[in-house]
Amino acid sequence: MFVLRQCLTLGTKSSIRNFSATTNLVNLTINEDTGVAIMELNKPPVNSLNYELLEAMHRTLVKLENEKCPGMILTSSSRSTFSAGLDLLEMYKPTVDKARRFWSMLQNTWIKLYSTPYPTVAAINGHSPAGGCLLAMSCEHRIMVPDKMIGLNETQLGIVAPQWFQDCMRNIIGERQAEKALIAGRMFTSEEALKIGLVDELATDKEDLMQKAHDFLDEQMGLPPLARSVVKVGFRKDTLSKLINGREADIKMFLDNVFQPKVQESLENYIQMLKKK
Ligand SMILES: CCCCC/C=C\C/C=C\CC/C=C/CC(=O)SCCNC(=O)CCNC(=O)[C@H](O)C(C)(C)COP(=O)(O)OP(=O)(O)OC[C@H]1O[C@@H](n2cnc3c(N)ncnc32)[C@H](O)[C@@H]1OP(=O)(O)O
């Protein structure tokens, strides 16, 4: 359930309704004049994607779809990080039920985000590794601040990015670049990401980032919405169907991997390393 927290009137003619998921993990702001939604991930310090954050995102996406949202900006309340990807603690010594529930919610959230009929833009105001990169890649347009890192780094962690993560990257930067990036588990600087088309624009700072995101949505919202969304979903349907028809196999892949003693050992070392940093 969403609670109406407060009504803010900013110093512009637009009035803003500010909703928040009850957990406060996602701040949702909807501009009353334009209907544009800003979905801000708010799980300090790095928006690691645990079950609760994914569930709050999923709930927000369902609400936006039901309310015929005309456009959405996905961003983060953190100064350093857009999202650190999947929460490593969700994968460290989970029960089978917990691991299954977690992966299933990740699938639900991605399917909703990837298939929205309305235009989506990722305002990437920080680092965006692995699952964070997946979120950004699932939007239609990506704008990033300078001097941050983005990419699917799974290979460097000794794990394999799931097929649908790989497909998202291939759909954006093409077969050859995706193959090279995925084999290496390469993280790109914002500037490198722009060069290979992993992001579409760079912004100078957060204000410029949000302005550019609004500009993109203004342009998209000027197009006939039904035709726009049919073309979008048409382009994405093969990638979506692959996961939708293979959800159980994908969950099995995750469970088979996550419970490997070697994976648990690397995970423990990685968590320790991040904590000592
Ligand atoms: C290693 C083996 C993984 C095993 C996986 C198991 C099964 C796999 C099967 C299939 C799944 C494959 C798909 C995986 C997709 C993923 O998304 S995996 C997650 C990959 N993410 C990362 O590698 C990012 C790690 N984090 C960072 O690089 C940095 O934190 C950052 C994002 C660049 C930010 O840096 P900054 O300096 O600002 O912050 P800190 O590093 O100091 O971190 C602050 C705080 O947050 C904790 N933390 C960071 N990332 C995560 C995370 N992903 N999950 C949980 N917690 C995280 C960090 O430990 C610090 O904690 P504190 O010291 O207690 O404050």
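What this report covers is the structure whose coordinates are included nearby. (Residues numbered from 1 in each chain as written. Predicted model: local features only at pLDDT ≥ 70, side-chain atom pairs only at ≥ 80, totals over all residues. Heavy atoms only, no water.)

1. Description of the overall build of the protein chain
So, point 1. A tally of helices and strands in the protein chain yields eleven helices and eleven strands.
So, point 2. Here the C-alpha radius of gyration of the protein chain, 18 Å, is about what a compact globule of 277 residues would show, namely 19 Å.
So, point 3. Over its C-alpha atoms, taken along the principal directions, the protein chain stretches across nearly 55 × 40 × 40 Å.
So, point 4. In the protein chain, which comprises 277 residues, the share counted as buried stands at 51%.
So, point 5. Restricting to contacts in the protein chain with at least 6 residues of sequence separation, those with at least 24 account for 68%. (Helix = DSSP H or I, 4+ residues; strand = E, 2+ residues; numbered from the N terminus. Rg over C-alpha atoms; globule rule 2.2 N^0.38 Å. Buried < 20%, exposed > 50% of the residue type's maximum accessible area, 1.4 Å probe, protein only. Contact = heavy atoms within 4.5 Å.)

2. Description of the sheet that holds strand β7 (residues 128–129)
So, point 1. Read across the open sheet, the three strands follow the order β7-β9-β10; overall the sheet is mixed. Strand pairing shows two members of the sheet lacking a second neighbour, β7 and β10 (188–189), which therefore form its edges.
So, point 2. Pairing geometry for strand β9 (residues 149–151) and β10, over two bridges, is antiparallel. Bridging from a neighbouring strand, I150 pairs with F188 of β10. (Pairing = 2+ DSSP bridges.)

3. Thoughts on the environment of R59
So, point 1. Its location among the elements puts R59 in helix α1 (residues 51–66).
So, point 2. When its relative accessible area of 18% is taken as the criterion, R59 is described as buried.
So, point 3. When the C-alpha atoms of R59 and D250 are compared, they prove to be 22 Å apart, with 191 residues separating the residues in sequence.

4. Quick notes on helix α8 (residues 206–221)
Each α-helix turn comprises 3.6 residues. Residues three or four places apart therefore point the same way.
So, point 1. Taking 1.5 Å of rise per residue, the 16 residues of α8 would be expected to cover 22 Å, and the 22 Å separating its terminal C-alpha atoms lies within 8% of that figure.
So, point 2. Those residues of α8 hidden inside the fold are in contact with β4 (37–41), β5 (72–76), β6 (120–124), β8 (141–144) and α9 (225–245).
So, point 3. Between the side-chain oxygen of the N-cap and the backbone nitrogen of E207 there are 3.2 Å, and the N-cap of α8 in question is D205. (Expected span 1.5 Å × (residues − 1). Polar contact = N/O pair within 3.5 Å; in protein donor to acceptor, adjacent residues only side chain to side chain.)

5. Observations concerning the packing of aromatic side chains
So, point 1. The final tally for this structure, using the stated rule, is seven aromatic pairs.
So, point 2. Here W103 and W164 contribute two aromatic rings whose centre-to-centre distance is 6.2 Å and whose plane-to-plane angle is 75°, an arrangement assigned as edge-to-face. Of this pair, W103 sits in helix α3 (residues 96–114) while W164 sits in helix α5 (residues 163–173); the two residues are 61 residues apart in sequence, bridging distant segments of the chain. The pair formed by W103 and W164 is uniform in burial state, with each residue classed as buried.
So, point 3. Seen from their ring centres, W110 and Y114 are 4.8 Å apart, and the 25° between their planes marks the pair as stacked. Here Y114 and W110 lie together in helix α3, a separation of four residues that amounts to about one turn.
So, point 4. The buried category is assigned to W110, whose relative accessible area is 3%.
So, point 5. A residue is classified by how much of its surface remains accessible, and Y114, at 4% relative accessible area, is buried. (Phe/Tyr/Trp six-rings, centres within 6.5 Å; stacked < 30°, edge-to-face > 60°.)

6. What about the site of the ligand?
So, point 1. Taken together, 32 residues are adjacent to the ligand, and A84, L86, Y270, K275 and K277 come closest.
So, point 2. Between the ligand and the protein, one listed contact pairs an oxygen atom with a side-chain N or O atom of K277 at 2.6 Å.
So, point 3. When the ligand sits alone it has 1,300 Å² of accessible area, and the protein chains cover 81% of it.
So, point 4. Secondary-structure elements contributing two or more residues to the shell around the ligand are α2 (88–91), α10 (247–258) and α11 (261–276). (Near = heavy atom within 4 Å. Areas by Shrake-Rupley, 256 points an atom, 1.4 Å probe, with all protein chains shown as cover.)

7. Quick look at the packing of α3 against α5
Angle between the axes and distance between the axes are the two parameters that describe a pair of packed helices.
So, point 1. Running from amino to carboxyl end, α3 crosses α5 at an angle of 25°, the nearest separation of the two axes being 12 Å. Here α3 is positioned roughly parallel relative to α5, judged by the angle of their axes. Remark: the crossing between α3 and α5 carries left-handed chirality. Contact with α3, carried on its side by W103, L106, Q107, W110 and Y114, involves W164, F165, C168 and N171 of α5 and no other residues of that element.
So, point 2. The residue makeup of the contact of α3 with α5, split by class, is seven nonpolar, two polar and no charged. (Axes fitted to C-alpha atoms, helices over the stretch in contact; angles between N-to-C directions. Parallel < 35°, antiparallel > 145°, perpendicular 65-115°, else oblique. Left-handed = near helix turned anticlockwise from the far one by under 90°. Nonpolar A, V, L, I, M, F, W, Y, C, P; charged D, E, K, R; others polar.)

8. As for the pattern of salt bridges
So, point 1. Under the definition given, this model contains 16 salt bridges.
So, point 2. We note a salt bridge from R170 to E175, for which the minimum N-O separation is 3.0 Å.
So, point 3. For R170, a relative accessible area of 28% puts it in the partly exposed group.
So, point 4. A network of salt bridges, in which partner residues are shared, links D167, R170, E175 and K242. (Salt bridge = Lys/Arg side-chain N within 4 Å of Asp/Glu carboxyl O.)

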